[in-house]
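Descriptive structure summary
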Amino acid sequence: MSTSENSQSRERGKAPAGERVADWADGRLGIYSLAKSNMRKIFPDHWSFMLGEVCMYSFIIIILTGVYLTLFFHPSMNEVAYHGSYVPLQGQLMSEAFNSTLHISFDVRGGLLIRQIHHWAALIFLAGMFVHMMRVFFTGAFRKPREINWLFGFLLFVLGMFTGFTGYSLPDDLLSGTGVRFTEGAILSMPIVGTYISYFLFGGEFPGHDFVARFYSIHILLLPGIMLGLMVGHLILVFYHKHTQFAGPGKSEKNVVGMPLLPVYMAKAGGFFFLVFGVIAAIAATTQINPIWAMGPYRPDQVSTGAQPDWYMGFAEGLIRYMPGWEVNFWGHTLVLGVFIPLVLFGLVLGAIAVYPFIESWVTGDKSEHHILDRPRNAPTRTGFGVAWVTVYMVGLVGGGNDLIATHFHLSINDVTWFVRIFFFAGPVIAFVVTKRICLGLQRRDREKVLHGRETGIIKRLPHGEFIEVHEPLSQEQLHTLTAHHQYEPAQVGPAVDENGVERKIKGSEKLRAKLSNAYYGEDNQIPKPTVEEYKEITSGHGHH
Amino acid sequence: MSSQDIPEENLPAEQDHAHAHTAVSVADEKDPFSDPGLPPHEHRIQDIDERAAKRSERVVAMLFTVSMLATVGFIASYVTIPKDKSIFVFPIGHISALNFALGLTLGAALFCIGAGAVHWARTLMSDVEVADERHAISAPPEVKAKVLADFKQGAKESALGRRKLIRNTMFGALTLVPLSGVVLLRDLGPLPGTSLRHTAWSKGKLLVNMNTNEPLRPSDVAVGSLTFAKPEGVEESQEDFQNVMAKAALMIIRLQPDNIKDKRELEWSHEGIVAYSKICTHVGCPISLYEQQTHHVLCPCHQSTFDLSDGARVIFGPAGHALPQLRIGVSEEGYLQALGDFEEPVGPAFWERG
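Since the structure is predicted, the reported quantities are computational estimates derived from the model, not experimental observations.

Take the overall build of chain B next. Along chain B, the regular secondary structure elements total eight helices and 14 strands. Considering only C-alpha atoms, chain B reaches an extent of 110 × 80 × 55 Å along its principal axes. Here chain B holds 354 residues, and 34% of them are scored as buried. Partitioning the contacts of chain B with sequence separation of at least 6, the portion at a separation of at least 24 is 56%.

This is the structure in C-alpha cells:
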C-alpha cells in the first residue's frame, strides 16, 4: 500500500507531508539517525517492568497538577482573616498559605480534585519508587553496568521524600505544622550547627514568617528540577543499557528479547500513562486526602492526636518515636542523642541500600556485565539482606504509627514501643535467616524438579502393588530456564607466600572479602545447581522417580 | 467460538504445536540444559480469525468513544454542578458532588484511552517476540587508546602540568569563588544568640486563660483540670504571636499539695497549682493529653509521658528531660502571676543548652 502511495506522490513530484516534515527536522536535528536505532528498539515484557513506569507517570501527573496549583496558591505566612465559603472557619486568623489552600479546595471548581490528585499521585510516586527499587534489588538488576542508574534511582527516592515533605508542609495546617516543628526539633539536635541551621532555615525562631515561602521554592523548583534531571538521566541510561530480562529460552546476556517500541510499546506504555492517571483521578474523586479544613490552621501551641506524616516519612517518624531519650550534658553543652541518633540512622539505613551494589560487586569480584536477572532465590544472601532491610523499614513504619496501632488493636502504647525497640535489632536478623533458609529450600526444589521432573499428582499402582507418584520430565525450555543462572565460587585468601616463596602480609580486607564471599557462595549458602552429568545419570539409568 | 469457524489456511500448522510442547525425549542429547532458542510464536485468536480481530477493533473504538463521552460529562459537570452541593455516596458518605463528578468523569476519560491503547496493542498489534543484539558498553581498546592519547595531547598543549603556578592559582580561585555564595546565605536568619533561653514570661506577668482571654485566679483552676495559659499582653492578632506561643505556651493543673512528690515543684507551686511548659522537650509538640488520676501528661506526637506530680520527669517515651516549670504566685489583686521566666530553655534540647 505504501509503495503505491509513494509512487503516486512521486508522480506529483512531492513526498507526503509527514515525510517532508521529517526531512525538514532531519536536516536540523538528525532525527533519522536517532530513530534508526530507537524506533524499533526492543523492550522485554514482564509485569514488574511497569513499576518504574508507574513512578514516571505519577511524577508527570504531579508536575501537571502542581503547575495548576501554583496558579492559585499563595506561599505567604501573612495572617489574614478567612472569608471564604467554608463556614466553620469564618473569621478565623490564618496564614495566606492556609487561606489560599481553602480557596483552592472550596472556591475553585475542580481545585479540590487537582489537589487530591496531586497528593495521591505523590503517595503513589513514592510507593512506586519503593517497590520499583525492591524489584531492581531482588532481581540483581543493579549489577554492572547499572550501578550508576541505581544511584540515580536512589537519589530520586530520597529527593522524592523531601519534595513530598516540603509539599505537604505548604498549606500551613495544624498537622503539617506539627511535622515542621518536628523537623525543627530534629535540626536543633545536631551538634554545634543545629541551632544555626534552624535559624537560617526558619529565618529566626520557629515558626517565623519565612518557611512557607522557602519550602515553596524548594518544593516547586529546586528539588523537582534536580529530580527531572535525574529522571531524564535515568531514562537515557535505561535506553543506553537496554532493558534487563529474565532467563528463558532464546534469552542470553548478548541479546534482548521482546517487542518493538513502535508500535507495541508506544501503545502499551503510552496507554499505561492514561491508565495510571485515570486510576489516580478516580481515587481523588472518591477518597479524601489531607482535609486541611478539618485540622485548622497551624498554631505552635495546639496539636491533634493521631498525628501522622505521609507514609514515606513514617520510617523516620518511627525512629524518632522508639529511640530512648538519651541526653548527654558536658562542659555547658548538650548532646541530644535521643533525637540525633535517629537522624543519623535515617541516613545510614537509606545509605545501606544505596551502597549495596558496590559491596556485592566487591565481594564477587565480578567485572562482567549482567543483563539476565537473578531470581531472588538464586541469590540467597542478597535476598536475605534485602528482606532484612525491608524489615527495618517496616519496623520503622510500625513504630511511626505506634499510637494508631495501640488504639486500633487495644494494645498498650508502651508495649508497642518496646516491641519495635527490640524488633529494630531482632527483626532484620530473623528476617535474614528465615529468608535465606527459604531461598535455599526453593533452590533445592528447583534442583529436584530439574533432576526428577514435575510432580504431576498422579498416583500410579505398579503390578507388584507399589504406589508411585508419576513425575513428568521438564521440557528443554524449562530445564534451561532453571539452570541458566551463574553460581560463583567463594573467593579464597591468596597463598600465604608470594611467587618467590617469601611470606607476604595478608591484608585484612582480603580476609574480610574471603569471609563475606564464603557467606555468599560457600557450602550451605547456595545449593549447587544440577549438572548435565547428574541429569543424564538419573534420566538414562533407572527410569521412574 | 469453535475452531471450525476459522478458515483452514489461517490455523497454525500442526508441527508448531508439536514443537511448543517438546518433551525431554527430544531434548538436546548432548546438553539438555542448553538454550533451545526462542519458542515458536503462538498465534492469538485475532491473528487467525478476522471476526475476532473485528471484535477487538470494536472494543477499542468503544473505549475511545466512552472516553470522549466522559470528557463531555466532565465539562457538563463543571458547568452545572454547584460547588457547595454535597451528595451521599455509599459507602463513602457525604462528599462534594462536584469533586465526585469531575474526578470520575476525568478518571473514565483517561482510563478508557489507556485501556483502549493497551487492548489495541495486546490484541491487534504484532506480538511476535524479536531479539535485539546487545553491544558492549565499554569501548574497544583502540578507541580507549585514541581517547587517552587525545587527552594526553590536550593536557600537554595546555601546559597545565608544567606551569604549576597557573594550575595552583586557578585551583585557588575556583575554590574561593563559591565562598561568595556561602556568604550570601548569611542573612537567611539572625544568629541564635540566647533567644532560645528566653520566653515572654517575666516576673509579674499574669497567667491569662487561652480560652476565655481572662487572667486566672487560683479559684478558676479546679483539682484535676487542665488549663492552657499565655502571658498577659499577648494577643492572637500580634505579628509575633506564633513565635511567642511556640515558647511561652503554658499548661496549668491543680494537684493536692500532698501529692506533689518533688520538693522544688511544691515550692514553685501555689496552693497545689503548678505551671509547666506545654512544649514537649523531645521535638517541640504541644503536650495536650492529661490523665487526672495519675497526673501524667502525654505528648500526642511521640508519646513522651511526664509525671506532673514529680517535677514533670519523663516516665516513658523519647523525651530526654523534664518539662520546665514556671514559678508562680499570686498578685496583689489575687490573680495567678509568674515569678520570673523559665529557669531553663523550653522545648527541644540543643547543643548550647547545657
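To continue, consider the nonpolar core. One finds Ile280 of chain A together with Leu207 of chain B to be the most contacted residues of the largest nonpolar core, which totals 179 residues. For this core, the element with the highest residue contribution is helix α4 (residues 97-123) of chain B, accounting for 17 residues. The residues touching Ile280 of chain A, leaving out its near neighbours within four places in the chain, are Ile61, Ile117, Trp120, Ala121 and Ile124 of chain A. Grouped together as the second largest cluster of nonpolar side chains are six residues, Val450, Leu474, Leu482 and Tyr535 of chain A included.

So, on to the interface of chain A and chain B. Contacts between the two partners involve 100 residues from chain A and, on the opposite side, 88 residues from chain B. Per element, the largest residue contribution to the side of chain A that touches chain B is 18 residues, and it comes from helix α11 (residues 261-286) of chain A. Taken together, the residues that form the side of chain A that touches chain B break down as 49 nonpolar, 36 polar and 15 charged. Bridge count between strand β5 (residues 255-260) of chain A and strand β3 (residues 130-133) of chain B: four bridges; the pairing is antiparallel. Bridging from a neighbouring strand, Asn255 of chain A pairs with Glu133 of chain B of β3 of chain B.

Bring the parts together and some accessible area is lost; that lost area is often taken as the interface size. Structurally, chain A comprises domain 1 (2-38), domain 2 (39-302) and domain 3 (314-322 + 332-495 + 511-545). If you average the C-alpha positions of domain 1 of chain A and of domain 3 of chain A, the two centres end up 53 Å apart.

All names here are of chain A. Between helix α4 (residues 50-70) and helix α6 (residues 111-138), the shortest axis-to-axis distance is 8 Å and the interhelical angle comes to 155°. Looking at the two axes, α4 sits roughly antiparallel to α6. The crossing of α4 and α6 is left-handed. Of the residues belonging to the contact of α4 with α6, the class tally is 16 nonpolar, seven polar and two charged.

Below, the discussion takes up the UniProt feature "domain: Cytochrome b/b6 N-terminal region profile" (unreviewed entry) in chain A. Those residues carrying the UniProt feature "domain: Cytochrome b/b6 N-terminal region profile" (unreviewed entry) are residues 21-247 of chain A in this numbering. With 68% helix and 4% strand, the stretch residues 21-247 of chain A has end C-alpha atoms that lie 42 Å from each other.

This part takes up the pairing of strand β5 (residues 226-231) of chain B. Inspection of the sheet shows strand β4 (residues 207-209) of chain B paired to β5 of chain B by three bridges, in the antiparallel sense. Bridge pairing in β5 of chain B places Asn209 of chain B opposite Ala229 of chain B.

Hydrogen bonds along the backbone pair up the strands of a sheet, which may run parallel or antiparallel. Residues and elements named next belong to chain B. The antiparallel open sheet is built from four strands, whose spatial order is β8-β9-β10-β11. At either end of the open sheet lies a strand with only one pairing partner, and these are β8 (289-291) and β11 (313-316). The mean angle between the axes of side-by-side strands here comes to 30°, regardless of whether they run parallel or antiparallel. Pairing geometry for strand β9 (residues 296-298) and strand β10 (residues 305-307), over three bridges, is antiparallel.

Turning our attention to unusual backbone geometry. Each neighbour pair has its own omega, and for Phe206 of chain A with Pro207 of chain A the value is -10°, a cis peptide bond. Looking at the element boundaries, Pro207 of chain A is found in the loop between α9 (194-202) and α10 (211-241). Residue Pro91 of chain B is bonded to the preceding Phe90 of chain B through a cis peptide linkage, with omega at 0°. As for its placement among the helices and strands, Pro91 of chain B is situated in the loop between β1 (86-89) and β2 (93-96). With a phi close to 65°, Lys242 of chain A is a non-glycine residue in the positive phi region. Inspection of the secondary structure puts Lys242 of chain A in the loop between α10 and β4 (245-246). You can call Lys242 of chain A buried: it has 20 C-beta atoms within 10 Å.

In this section: the confidence of the model for chain A. Mean pLDDT over chain A: 92, with 97% of residues reaching 70 or higher. Note on residues 1-5 of chain A: pLDDT under 50 across the span, and one contact to partners over four residues away in sequence or across chains.

All names here are of chain B. UniProt records the feature "transmembrane region" (unreviewed entry) for residues 59-81, 87-118 and 165-185 in the present numbering. When the span residues 87-118 is considered, its composition is 69% helix and 22% strand, and the gap between its end C-alpha atoms is 34 Å. The distance separating the terminal C-alpha atoms of residues 165-185 is 32 Å; by composition the span is 95% helix and 0% strand.

Residues and elements named next belong to chain A. Sequence positions flagged by UniProt for "transmembrane region" (unreviewed entry) are, in local numbering, residues 49-73, 117-138, 150-170, 216-240, 261-285, 330-359, 379-398 and 418-439. Along residues 49-73, the helical share is 84% and the strand share 0%, with 36 Å between the first and last C-alpha atoms. Across residues 216-240, helical content stands at 100% and strand content at 0%; the span's end C-alpha atoms are separated by 35 Å.

Turning our eyes to something else, we now look at helix α6 (residues 164-184) of chain B. For an α-helix, 3.6 residues make a turn, and residues three or four places apart therefore share a direction. Here α6 of chain B spans 32 Å end to end across 21 residues, near enough to the 30 Å set by a 1.5 Å rise per residue. Among the 21 residues that make up α6 of chain B, zero are buried, leaving the element largely open to the surroundings.

The strand order across the open sheet built from three strands is β1(A)-β5(A)-β3(B), with neighbouring strands paired in antiparallel fashion. The two strands at the open ends of the sheet, each matched to only one other strand, are β1 (42-43) of chain A together with β3 of chain B. Relative to β5 of chain A, β1 of chain A runs antiparallel, the two being bridged by two bridges. By the bridge assignment, Phe43 of chain A is partnered in β5 of chain A with Met259 of chain A.

This next bit is on the environment of Ala127 of chain A. Position of Ala127 of chain A relative to the elements: it lies in helix α6. Sequence separation of Ala127 of chain A and Trp311 of chain A is 184 residues, and the distance between their C-alpha atoms is 8.7 Å.

So, on to α10 of chain A. Residues and elements named next belong to chain A. Over its 31 residues, α10 runs 42 Å from end to end, which matches the ideal 45 Å to within 8%, given 1.5 Å per residue. Along α10, the helix axis deviates most sharply at Ile218, where the bend reaches about 40°. When α10 is considered as a whole, its buried residues turn out to be Phe211, Val212, Phe215, Tyr216, His219, Ile220, Leu223, Pro224, Met227 and His234. For α10, the elements touching its buried residues are α4, β3 (93-95), α5 (96-106), α7 (147-169), α8 (174-188) and α9. Count one or two residues on from α10 and you reach Lys242, which has phi positive near 65°.

Rules of the game
- Residues numbered from 1 in each chain as written.
- Chains lettered and ligands numbered in written order.
- Predicted model: local features only at pLDDT ≥ 70, side-chain atom pairs only at ≥ 80, totals over all residues.
- Helix = DSSP H or I, 4+ residues; strand = E, 2+ residues; numbered from the N terminus.
- Buried ≥ 20, exposed ≤ 12 C-beta atoms within 10 Å, placed from the backbone.
- Contact = placed C-beta atoms within 7 Å.
- Core = buried A, V, L, I, M, F, W, Y, C linked by C-beta atoms within 7 Å.
- Nonpolar A, V, L, I, M, F, W, Y, C, P; charged D, E, K, R; others polar.
- Pairing = 2+ DSSP bridges.
- Domains from an automatic or database assignment.
- Axes fitted to C-alpha atoms, helices over the stretch in contact; angles between N-to-C directions.
- Parallel < 35°, antiparallel > 145°, perpendicular 65-115°, else oblique.
- Left-handed = near helix turned anticlockwise from the far one by under 90°.
- UniProt positions renumbered as here; feature names shortened; annotations may be inferred.
- pLDDT = per-residue confidence, 0-100.
- Expected span 1.5 Å × (residues − 1).
- Bend = angle between axes of the 7 residues up to and from the residue.

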